[in-house]
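Spelled out, the chains give:
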Amino acid sequence: MMDTVNTEVVVVGGGVVGVAVARQFAMRGAQVILIEKESSLGSCTSARNSGVIHAGLYYTEYSLKEKLCLVGKELLYQYCADKDIPHSAIGKWIVSAPGQESRLEEIYQRALSNDVPISRLSAAEMRREAAELACSAALESTSTGIVDVQQLVHSLSLDFEEAGGLVHCRARATSLAVDGRKAILTIEDGTTIVADLAINAAGLNALELLPDPMSPDLENYYLKGSYFSYSGGVPFRRLVYPLPAAGGLGIHLTFDLSGAATFGPNTEPVGAPEFSVAESDVHAFVNAIVHYWPNCDPSKLSPAYSGVRPQIIGRDGVVNDFIFWGKEIDPKFPVLSLLGIDSPGLTCCLAIADQVFELAQ
Ligand SMILES: Cc1cc2nc3c(=O)[nH]c(=O)nc-3n(C[C@H](O)[C@H](O)[C@H](O)COP(=O)(O)OP(=O)(O)OC[C@H]3O[C@@H](n4cnc5c(N)ncnc54)[C@H](O)[C@@H]3O)c2cc1C
(Lines give C-alpha, C1' and ligand atoms only; values in the text may rest on other atoms or scores of the structure.)
Protein backbone atom coordinates (compact mmCIF):
# COMPACT_ATOMS: atom_id res chain seq x y z
CA MET A 1 0.00 0.00 0.00
CA MET A 2 1.28 3.44 -0.86
CA ASP A 3 1.19 5.89 2.07
CA THR A 4 1.82 9.59 2.30
CA VAL A 5 3.35 10.82 5.54
CA ASN A 6 3.76 14.48 6.51
CA THR A 7 6.53 15.70 8.78
CA GLU A 8 8.50 18.83 9.53
CA VAL A 9 11.93 17.35 8.84
CA VAL A 10 13.10 14.17 7.13
CA VAL A 11 16.76 13.12 7.26
CA VAL A 12 18.00 10.62 4.67
CA GLY A 13 21.00 8.61 5.85
CA GLY A 14 21.63 7.18 9.30
CA GLY A 15 25.40 7.51 9.46
CA VAL A 16 27.03 9.39 12.32
CA VAL A 17 26.35 12.72 10.59
CA GLY A 18 22.72 12.02 9.64
CA VAL A 19 21.94 10.78 13.15
CA ALA A 20 23.65 13.80 14.75
CA VAL A 21 21.68 16.16 12.48
CA ALA A 22 18.36 14.36 13.10
CA ARG A 23 19.04 14.47 16.86
CA GLN A 24 19.74 18.18 16.76
CA PHE A 25 16.42 19.01 15.04
CA ALA A 26 14.44 16.66 17.29
CA MET A 27 16.02 18.05 20.46
CA ARG A 28 15.10 21.57 19.27
CA GLY A 29 11.47 20.48 19.08
CA ALA A 30 10.99 19.53 15.42
CA GLN A 31 9.04 16.49 14.26
CA VAL A 32 11.74 14.39 12.54
CA ILE A 33 11.86 11.11 10.61
CA LEU A 34 15.23 9.47 9.92
CA ILE A 35 15.42 7.13 6.92
CA GLU A 36 18.20 4.54 6.56
CA LYS A 37 18.49 1.94 3.79
CA GLU A 38 20.48 -0.60 5.84
CA SER A 39 19.15 -2.69 8.73
CA SER A 40 21.09 -0.68 11.32
CA LEU A 41 22.40 2.85 11.79
CA GLY A 42 26.04 3.78 11.28
CA SER A 43 26.95 0.74 9.19
CA CYS A 44 28.40 2.43 6.09
CA THR A 45 31.36 4.90 6.04
CA SER A 46 30.76 5.61 9.73
CA ALA A 47 31.78 2.01 10.49
CA ARG A 48 34.72 2.00 8.04
CA ASN A 49 37.18 4.62 9.17
CA SER A 50 40.11 5.16 11.55
CA GLY A 51 37.87 6.14 14.45
CA VAL A 52 40.12 9.10 15.18
CA ILE A 53 39.01 12.35 16.79
CA HIS A 54 41.12 14.74 14.75
CA ALA A 55 42.77 17.71 16.39
CA GLY A 56 42.36 20.02 13.36
CA LEU A 57 45.93 20.13 12.07
CA TYR A 58 45.66 19.74 8.34
CA TYR A 59 42.73 21.55 6.80
CA THR A 60 42.70 24.53 4.45
CA GLU A 61 42.52 27.83 6.28
CA TYR A 62 38.94 29.13 6.74
CA SER A 63 37.50 25.91 5.25
CA LEU A 64 34.40 24.29 6.74
CA LYS A 65 36.60 21.27 7.57
CA GLU A 66 38.93 23.41 9.63
CA LYS A 67 36.23 25.40 11.39
CA LEU A 68 34.00 22.41 12.13
CA CYS A 69 36.88 20.14 13.17
CA LEU A 70 38.11 22.61 15.78
CA VAL A 71 34.61 23.06 17.21
CA GLY A 72 33.52 19.46 16.62
CA LYS A 73 36.47 17.95 18.46
CA GLU A 74 35.56 19.85 21.64
CA LEU A 75 31.85 19.01 21.32
CA LEU A 76 32.64 15.35 20.74
CA TYR A 77 34.99 15.00 23.73
CA GLN A 78 32.38 16.66 25.92
CA TYR A 79 29.57 14.49 24.57
CA CYS A 80 31.60 11.28 25.04
CA ALA A 81 32.44 12.30 28.62
CA ASP A 82 28.81 13.19 29.41
CA LYS A 83 27.44 9.94 27.95
CA ASP A 84 30.21 7.55 29.03
CA ILE A 85 31.05 6.65 25.44
CA PRO A 86 34.39 4.82 25.29
CA HIS A 87 37.02 7.24 23.99
CA SER A 88 40.58 8.23 24.75
CA ALA A 89 42.66 11.34 24.12
CA ILE A 90 45.51 9.00 23.27
CA GLY A 91 47.40 11.64 21.26
CA LYS A 92 49.47 11.17 18.16
CA TRP A 93 52.93 11.62 16.77
CA ILE A 94 53.38 12.91 13.23
CA VAL A 95 56.83 11.89 12.04
CA SER A 96 59.00 13.19 9.22
CA ALA A 97 61.60 11.31 7.18
CA PRO A 98 64.86 13.11 6.34
CA GLY A 99 64.12 15.95 3.90
CA GLN A 100 60.46 16.34 5.03
CA GLU A 101 61.09 18.64 7.99
CA SER A 102 59.76 21.78 6.27
CA ARG A 103 56.39 20.05 5.72
CA LEU A 104 56.32 19.08 9.37
CA GLU A 105 57.05 22.68 10.31
CA GLU A 106 54.09 23.86 8.18
CA ILE A 107 51.77 21.59 10.19
CA TYR A 108 53.30 22.92 13.42
CA GLN A 109 52.74 26.56 12.42
CA ARG A 110 49.23 25.77 11.32
CA ALA A 111 48.46 24.15 14.66
CA LEU A 112 49.83 27.18 16.51
CA SER A 113 47.70 29.59 14.50
CA ASN A 114 44.60 27.50 15.29
CA ASP A 115 45.45 27.19 19.01
CA VAL A 116 45.70 23.40 18.67
CA PRO A 117 48.02 22.01 21.37
CA ILE A 118 51.20 20.85 19.62
CA SER A 119 54.86 20.24 20.55
CA ARG A 120 57.98 19.69 18.48
CA LEU A 121 60.17 16.69 19.29
CA SER A 122 63.69 16.19 17.95
CA ALA A 123 64.84 12.78 16.69
CA ALA A 124 66.74 12.26 19.97
CA GLU A 125 63.69 13.19 22.10
CA MET A 126 61.55 10.89 20.00
CA ARG A 127 64.01 8.01 20.51
CA ARG A 128 63.55 8.43 24.27
CA GLU A 129 59.74 8.41 23.85
CA ALA A 130 59.64 5.46 21.44
CA ALA A 131 62.96 3.77 20.73
CA GLU A 132 61.63 1.84 17.71
CA LEU A 133 60.16 4.86 15.93
CA ALA A 134 62.38 6.07 13.06
CA CYS A 135 62.10 9.75 12.18
CA SER A 136 64.13 12.90 11.62
CA ALA A 137 61.71 14.95 13.76
CA ALA A 138 58.18 14.68 15.10
CA LEU A 139 55.17 16.61 16.33
CA GLU A 140 53.10 15.53 19.30
CA SER A 141 49.38 16.30 19.27
CA THR A 142 47.75 15.62 22.62
CA SER A 143 44.20 16.55 21.60
CA THR A 144 43.99 13.78 18.99
CA GLY A 145 41.93 10.85 20.24
CA ILE A 146 39.95 7.74 19.41
CA VAL A 147 36.27 6.98 19.93
CA ASP A 148 34.01 3.93 19.76
CA VAL A 149 31.94 5.01 16.76
CA GLN A 150 29.24 2.35 17.13
CA GLN A 151 28.55 3.44 20.70
CA LEU A 152 28.58 7.06 19.62
CA VAL A 153 25.97 6.41 16.91
CA HIS A 154 23.91 4.36 19.36
CA SER A 155 23.94 7.13 21.94
CA LEU A 156 23.04 9.82 19.40
CA SER A 157 20.15 7.69 18.14
CA LEU A 158 18.88 7.15 21.70
CA ASP A 159 18.85 10.93 22.24
CA PHE A 160 17.00 11.30 18.95
CA GLU A 161 14.31 8.78 19.84
CA GLU A 162 13.95 10.14 23.37
CA ALA A 163 13.27 13.54 21.81
CA GLY A 164 10.43 11.99 19.78
CA GLY A 165 12.31 11.22 16.56
CA LEU A 166 11.29 8.23 14.42
CA VAL A 167 13.90 5.91 12.87
CA HIS A 168 13.07 3.83 9.79
CA CYS A 169 15.76 1.33 8.80
CA ARG A 170 15.60 -0.90 5.70
CA ALA A 171 14.03 2.07 3.90
CA ARG A 172 15.85 3.18 0.77
CA ALA A 173 15.02 6.63 -0.54
CA THR A 174 14.66 6.44 -4.31
CA SER A 175 14.04 10.10 -5.10
CA LEU A 176 14.02 13.52 -3.50
CA ALA A 177 12.04 16.22 -5.29
CA VAL A 178 10.84 19.72 -4.54
CA ASP A 179 7.26 20.91 -4.94
CA GLY A 180 6.99 24.59 -4.08
CA ARG A 181 8.14 24.92 -0.47
CA LYS A 182 7.90 21.18 0.26
CA ALA A 183 10.40 18.35 -0.10
CA ILE A 184 8.96 15.10 -1.45
CA LEU A 185 10.89 11.98 -0.54
CA THR A 186 9.97 8.63 -2.09
CA ILE A 187 10.89 5.38 -0.36
CA GLU A 188 11.40 2.09 -2.21
CA ASP A 189 8.23 0.56 -0.68
CA GLY A 190 6.16 3.32 -2.28
CA THR A 191 5.79 5.54 0.79
CA THR A 192 5.99 9.27 0.14
CA ILE A 193 7.23 11.60 2.85
CA VAL A 194 6.27 15.26 2.48
CA ALA A 195 8.47 17.51 4.61
CA ASP A 196 9.09 21.20 5.20
CA LEU A 197 12.77 20.34 5.11
CA ALA A 198 14.72 17.30 3.88
CA ILE A 199 18.34 16.82 4.90
CA ASN A 200 20.19 14.63 2.43
CA ALA A 201 22.91 12.95 4.52
CA ALA A 202 23.19 9.87 2.31
CA GLY A 203 27.00 9.84 2.27
CA LEU A 204 28.25 7.94 -0.78
CA ASN A 205 24.76 8.22 -2.34
CA ALA A 206 24.05 11.86 -1.52
CA LEU A 207 24.77 13.16 -5.02
CA GLU A 208 22.24 10.73 -6.58
CA LEU A 209 19.51 12.24 -4.41
CA LEU A 210 20.03 15.90 -5.36
CA PRO A 211 16.67 17.23 -6.49
CA ASP A 212 16.34 18.28 -10.14
CA PRO A 213 16.47 20.69 -11.85
CA MET A 214 18.88 22.53 -9.54
CA SER A 215 21.65 19.91 -9.44
CA PRO A 216 25.05 21.58 -9.45
CA ASP A 217 27.90 20.54 -11.70
CA LEU A 218 29.38 17.93 -9.35
CA GLU A 219 30.47 14.30 -9.71
CA ASN A 220 31.36 11.54 -7.27
CA TYR A 221 34.98 10.62 -6.74
CA TYR A 222 35.20 7.45 -4.68
CA LEU A 223 38.52 6.95 -2.95
CA LYS A 224 38.85 3.58 -1.22
CA GLY A 225 41.05 3.17 1.84
CA SER A 226 41.97 -0.30 3.13
CA TYR A 227 43.21 -1.29 6.58
CA PHE A 228 45.39 -4.13 7.85
CA SER A 229 45.24 -5.31 11.45
CA TYR A 230 48.49 -6.07 13.31
CA SER A 231 48.48 -9.06 15.64
CA GLY A 232 50.84 -8.81 18.56
CA GLY A 233 52.18 -5.83 20.39
CA VAL A 234 53.08 -2.47 18.94
CA PRO A 235 55.66 -0.58 21.04
CA PHE A 236 53.99 2.84 20.80
CA ARG A 237 51.67 4.55 23.24
CA ARG A 238 50.30 7.11 20.77
CA LEU A 239 48.88 6.92 17.24
CA VAL A 240 51.66 7.30 14.65
CA TYR A 241 51.17 9.24 11.40
CA PRO A 242 53.61 9.88 8.59
CA LEU A 243 53.20 13.16 6.68
CA PRO A 244 49.95 13.39 4.67
CA ALA A 245 49.99 11.66 1.26
CA ALA A 246 47.89 12.47 -1.83
CA GLY A 247 44.21 12.00 -1.01
CA GLY A 248 44.72 11.04 2.65
CA LEU A 249 46.79 11.30 5.78
CA GLY A 250 49.20 8.48 4.90
CA ILE A 251 49.19 4.87 6.16
CA HIS A 252 49.12 5.42 9.90
CA LEU A 253 48.89 3.37 13.08
CA THR A 254 45.65 3.55 15.00
CA PHE A 255 44.34 1.64 17.98
CA ASP A 256 40.80 0.74 18.90
CA LEU A 257 39.58 1.16 22.48
CA SER A 258 40.75 -2.38 23.35
CA GLY A 259 44.29 -1.50 22.26
CA ALA A 260 44.24 -3.56 19.04
CA ALA A 261 46.49 -2.01 16.39
CA THR A 262 45.49 -1.31 12.78
CA PHE A 263 47.42 0.28 9.92
CA GLY A 264 45.80 2.23 7.08
CA PRO A 265 44.23 3.55 5.04
CA ASN A 266 45.89 3.52 1.65
CA THR A 267 44.18 5.46 -1.16
CA GLU A 268 42.76 3.79 -4.26
CA PRO A 269 40.29 5.48 -6.64
CA VAL A 270 37.39 3.11 -7.44
CA GLY A 271 34.60 3.42 -10.02
CA ALA A 272 31.91 2.46 -7.50
CA PRO A 273 31.93 1.79 -3.74
CA GLU A 274 33.18 -1.71 -2.89
CA PHE A 275 34.79 -2.89 0.32
CA SER A 276 37.15 -5.76 -0.49
CA VAL A 277 40.72 -5.67 0.88
CA ALA A 278 43.40 -7.07 -1.44
CA GLU A 279 45.81 -9.31 0.43
CA SER A 280 48.50 -8.31 -2.11
CA ASP A 281 48.36 -4.72 -0.79
CA VAL A 282 50.37 -5.97 2.18
CA HIS A 283 53.62 -5.24 0.30
CA ALA A 284 52.75 -1.58 -0.21
CA PHE A 285 51.68 -1.37 3.44
CA VAL A 286 54.97 -2.81 4.67
CA ASN A 287 56.92 -0.41 2.40
CA ALA A 288 55.05 2.53 3.90
CA ILE A 289 55.23 1.37 7.54
CA VAL A 290 58.95 0.49 7.64
CA HIS A 291 59.80 4.15 6.97
CA TYR A 292 58.70 4.93 10.51
CA TRP A 293 58.75 1.45 12.09
CA PRO A 294 61.60 -0.61 10.61
CA ASN A 295 60.88 -3.51 13.01
CA CYS A 296 57.33 -4.05 11.73
CA ASP A 297 56.82 -7.80 11.19
CA PRO A 298 54.97 -8.31 7.85
CA SER A 299 53.70 -11.75 8.93
CA LYS A 300 51.58 -10.04 11.60
CA LEU A 301 49.61 -7.93 9.10
CA SER A 302 46.24 -9.26 7.91
CA PRO A 303 43.55 -7.68 5.71
CA ALA A 304 40.94 -6.04 7.97
CA TYR A 305 38.36 -3.75 6.33
CA SER A 306 38.03 -0.81 3.97
CA GLY A 307 36.03 2.38 3.62
CA VAL A 308 35.29 4.67 0.70
CA ARG A 309 35.68 8.44 0.94
CA PRO A 310 32.64 10.24 -0.51
CA GLN A 311 34.71 12.84 -2.33
CA ILE A 312 33.24 15.22 -4.87
CA ILE A 313 34.72 16.59 -8.09
CA GLY A 314 33.66 20.07 -9.19
CA ARG A 315 34.71 22.14 -12.20
CA ASP A 316 38.15 22.78 -10.66
CA GLY A 317 38.89 19.20 -9.56
CA VAL A 318 38.39 17.46 -6.22
CA VAL A 319 36.58 19.73 -3.75
CA ASN A 320 38.66 19.56 -0.62
CA ASP A 321 35.88 20.62 1.73
CA PHE A 322 32.40 19.77 2.94
CA ILE A 323 29.62 21.13 0.74
CA PHE A 324 26.25 22.15 2.23
CA TRP A 325 24.18 22.56 -0.90
CA GLY A 326 20.71 24.05 -1.15
CA LYS A 327 19.95 26.52 1.61
CA GLU A 328 22.95 28.72 0.93
CA ILE A 329 21.80 29.20 -2.65
CA ASP A 330 18.17 29.81 -1.76
CA PRO A 331 17.28 30.16 1.95
CA LYS A 332 13.75 28.89 1.21
CA PHE A 333 14.89 25.77 -0.67
CA PRO A 334 13.43 22.80 1.28
CA VAL A 335 16.33 20.40 0.69
CA LEU A 336 19.78 20.69 2.20
CA SER A 337 22.34 18.20 0.88
CA LEU A 338 25.52 17.35 2.75
CA LEU A 339 28.12 16.44 0.13
CA GLY A 340 31.76 15.39 0.37
CA ILE A 341 31.48 14.49 4.05
CA ASP A 342 34.88 12.86 4.06
CA SER A 343 37.36 12.92 6.94
CA PRO A 344 37.13 14.56 9.46
CA GLY A 345 33.34 14.08 9.23
CA LEU A 346 33.23 11.81 12.27
CA THR A 347 35.07 14.37 14.40
CA CYS A 348 32.79 17.11 13.06
CA CYS A 349 29.43 15.32 13.42
CA LEU A 350 28.06 17.45 16.28
CA ALA A 351 29.43 20.68 14.79
CA ILE A 352 27.91 19.81 11.40
CA ALA A 353 24.59 19.22 13.17
CA ASP A 354 24.78 22.69 14.78
CA GLN A 355 25.73 24.32 11.49
CA VAL A 356 22.95 22.58 9.55
CA PHE A 357 20.41 23.62 12.17
CA GLU A 358 21.59 27.24 11.90
CA LEU A 359 21.44 27.16 8.09
CA ALA A 360 17.86 25.89 8.24
CA GLN A 361 16.59 28.78 10.40
C1 LIG B 1 38.96 5.37 5.07
C2 LIG B 1 38.32 6.48 5.87
C3 LIG B 1 38.90 6.90 7.07
C4 LIG B 1 38.32 7.93 7.81
N5 LIG B 1 38.85 8.25 9.02
C6 LIG B 1 38.26 9.22 9.77
C7 LIG B 1 38.76 9.53 11.06
O8 LIG B 1 39.66 8.88 11.57
N9 LIG B 1 38.19 10.57 11.73
C10 LIG B 1 37.17 11.29 11.20
O11 LIG B 1 36.75 12.25 11.83
N12 LIG B 1 36.62 10.96 10.01
C13 LIG B 1 37.13 9.93 9.29
N14 LIG B 1 36.58 9.57 8.11
C15 LIG B 1 35.38 10.26 7.65
C16 LIG B 1 34.13 9.75 8.35
O17 LIG B 1 34.10 8.34 8.40
C18 LIG B 1 32.91 10.27 7.57
O19 LIG B 1 33.04 11.65 7.35
C20 LIG B 1 31.61 10.01 8.31
O21 LIG B 1 31.50 8.66 8.70
C22 LIG B 1 30.47 10.40 7.39
O23 LIG B 1 29.26 10.08 8.04
P24 LIG B 1 27.91 10.18 7.21
O25 LIG B 1 26.82 9.98 8.14
O26 LIG B 1 27.95 11.44 6.38
O27 LIG B 1 28.04 9.02 6.10
P28 LIG B 1 27.71 7.45 6.21
O29 LIG B 1 28.25 6.87 7.42
O30 LIG B 1 28.12 6.87 4.90
O31 LIG B 1 26.14 7.45 6.32
C32 LIG B 1 25.31 7.64 5.20
C33 LIG B 1 24.14 6.70 5.39
O34 LIG B 1 23.20 6.96 4.37
C35 LIG B 1 22.60 5.71 4.03
N36 LIG B 1 22.01 5.87 2.70
C37 LIG B 1 22.67 6.07 1.54
N38 LIG B 1 21.79 6.18 0.53
C39 LIG B 1 20.56 6.05 1.07
C40 LIG B 1 19.26 6.07 0.52
N41 LIG B 1 19.06 6.23 -0.79
N42 LIG B 1 18.20 5.89 1.35
C43 LIG B 1 18.40 5.73 2.70
N44 LIG B 1 19.63 5.70 3.27
C45 LIG B 1 20.69 5.86 2.46
C46 LIG B 1 23.77 4.74 4.08
O47 LIG B 1 23.35 3.40 4.21
C48 LIG B 1 24.55 5.24 5.27
O49 LIG B 1 24.21 4.57 6.47
C50 LIG B 1 37.14 8.55 7.34
C51 LIG B 1 36.54 8.12 6.15
C52 LIG B 1 37.11 7.08 5.44
C53 LIG B 1 36.45 6.59 4.19
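Keep in mind the model is a prediction, meaning the values are calculated, not measured.

> I would appreciate a short explanation of the overall build of the chain in the present structure.
When helices and strands are counted, the chain shows 7 helices and 21 strands. At 21 Å, the chain has a C-alpha radius of gyration in line with the 21 Å of a compact globule built from 361 residues. Across its three principal directions, the C-alpha atoms of the chain cover 65 × 45 × 40 Å. For the chain, with 361 residues in total, the buried portion stands at 54%. In the chain, 73% of the contacts between residues at least 6 apart in sequence involve partners at least 24 apart. A total accessible area of about 15,500 Å² is found for the chain, and carbon and sulfur atoms account for 49% of it. Within the chain, one finds 26 positive and 42 negative side-chain charges whose respective centroids are separated by 3 Å.

> Would you explain the pattern of salt bridges in this entry?
Opposite charge on two side chains makes pairing possible when the charged atoms of those side chains draw close. For the structure shown, the criterion picks out 13 salt bridges. A salt bridge links Lys 37 to Glu 38; the nearest nitrogen and oxygen atoms lie 2.8 Å apart. Classification of Lys 37 as partly exposed rests on a relative accessible area of 29%. Residue classification places Glu 38 among the partly exposed positions, given a relative accessible area of 32%. Across the pair Lys 83 and Asp 159 runs a salt bridge whose closest N-O atoms are separated by 3.0 Å. Remark: Asp 159 occurs in helix α5 (residues 149-162) and Lys 83 occurs in helix α2 (residues 64-83); sequence separation between them is 76 residues. Several salt bridges converge on common partners, so that one network encompasses Arg 23, Lys 83 and Asp 159.

> Teacher, can you tell me more about the packing of aromatic side chains here?
Aromatic ring pairs: the centre-centre distance and the angle between the two ring planes describe each pair. This structure, assessed with the given rule, holds 9 aromatic pairs. A centroid spacing of 4.5 Å and a plane angle of 15 degrees characterise the contact between Tyr 227 and Tyr 305, whose relative ring orientation is stacked. One end of the pair, Tyr 227, is in strand β13 (residues 219-230); the other, Tyr 305, is in strand β18 (residues 301-314), and 78 residues separate them in sequence. Look at Tyr 227 and you get buried, because its relative accessible area is 4%. Ring centres of Phe 263 and Trp 293 lie 6.2 Å apart, and the angle between their planes is 20 degrees; this geometry places the pair in the stacked category. Note that Phe 263 is positioned in strand β16 (residues 261-264) and Trp 293 in the loop between α6 (282-289) and β18, a separation of 30 residues in sequence. Members of the aromatic cluster, each reached through a chain of ring pairs, are Tyr 230, Phe 236, Phe 263 and Trp 293. Between Arg 48 and the ring centre of Phe 275, over which it is positioned, the NZ or CZ distance is 4.1 Å. Its guanidinium or amino end placed over the ring of Tyr 241, Lys 92 lies 3.7 Å from that ring's centre, counting from NZ or CZ.

> Before we go on, may I ask you to explain α2 in this structure?
In an α-helix, one turn spans 3.6 residues, which is why side chains three or four residues apart end up on the same side. Between its first and last C-alpha atoms α2 spans 27 Å; for 20 residues at 1.5 Å apiece the expected length is 28 Å, and the two agree. The largest bend in α2 comes to about 25 degrees, at Gly 72. The positive-phi residue at the C-terminal boundary of α2 is Asp 84, with phi of around 55 degrees.

> What is the right way to read the side chain of Ser 141 from this model?
With respect to the element layout, Ser 141 can be found in strand β7 (residues 137-141). Note on Ser 141: relative accessible area 0%, which makes it buried. Within the local environment of Ser 141, its side chain forms a polar contact with the side chain of Thr 144, the two groups lying 2.7 Å apart. Once residues within four sequence positions are removed from consideration, Ser 141 is found in contact with Ala 55, Leu 57, Gly 91, Lys 92, Pro 117 and Ile 118.

What counts and how
- Residues numbered from 1 in each chain as written.
- Predicted model: local features only at pLDDT ≥ 70, side-chain atom pairs only at ≥ 80, totals over all residues.
- Heavy atoms only, no water.
- Helix = DSSP H or I, 4+ residues; strand = E, 2+ residues; numbered from the N terminus.
- Rg over C-alpha atoms; globule rule 2.2 N^0.38 Å.
- Buried < 20%, exposed > 50% of the residue type's maximum accessible area, 1.4 Å probe, protein only.
- Contact = heavy atoms within 4.5 Å.
- Areas by Shrake-Rupley, 256 points an atom, 1.4 Å probe, with all protein chains shown as cover.
- Lys, Arg positive; Asp, Glu negative; His and termini not counted.
- Charge placed at Lys NZ, Arg CZ, Asp CG, Glu CD.
- Salt bridge = Lys/Arg side-chain N within 4 Å of Asp/Glu carboxyl O.
- Phe/Tyr/Trp six-rings, centres within 6.5 Å; stacked < 30°, edge-to-face > 60°.
- Lys NZ or Arg CZ within 6 Å of the ring centre and 35° of its normal.
- Expected span 1.5 Å × (residues − 1).
- Bend = angle between axes of the 7 residues up to and from the residue.
- Polar contact = N/O pair within 3.5 Å; in protein donor to acceptor, adjacent residues only side chain to side chain.

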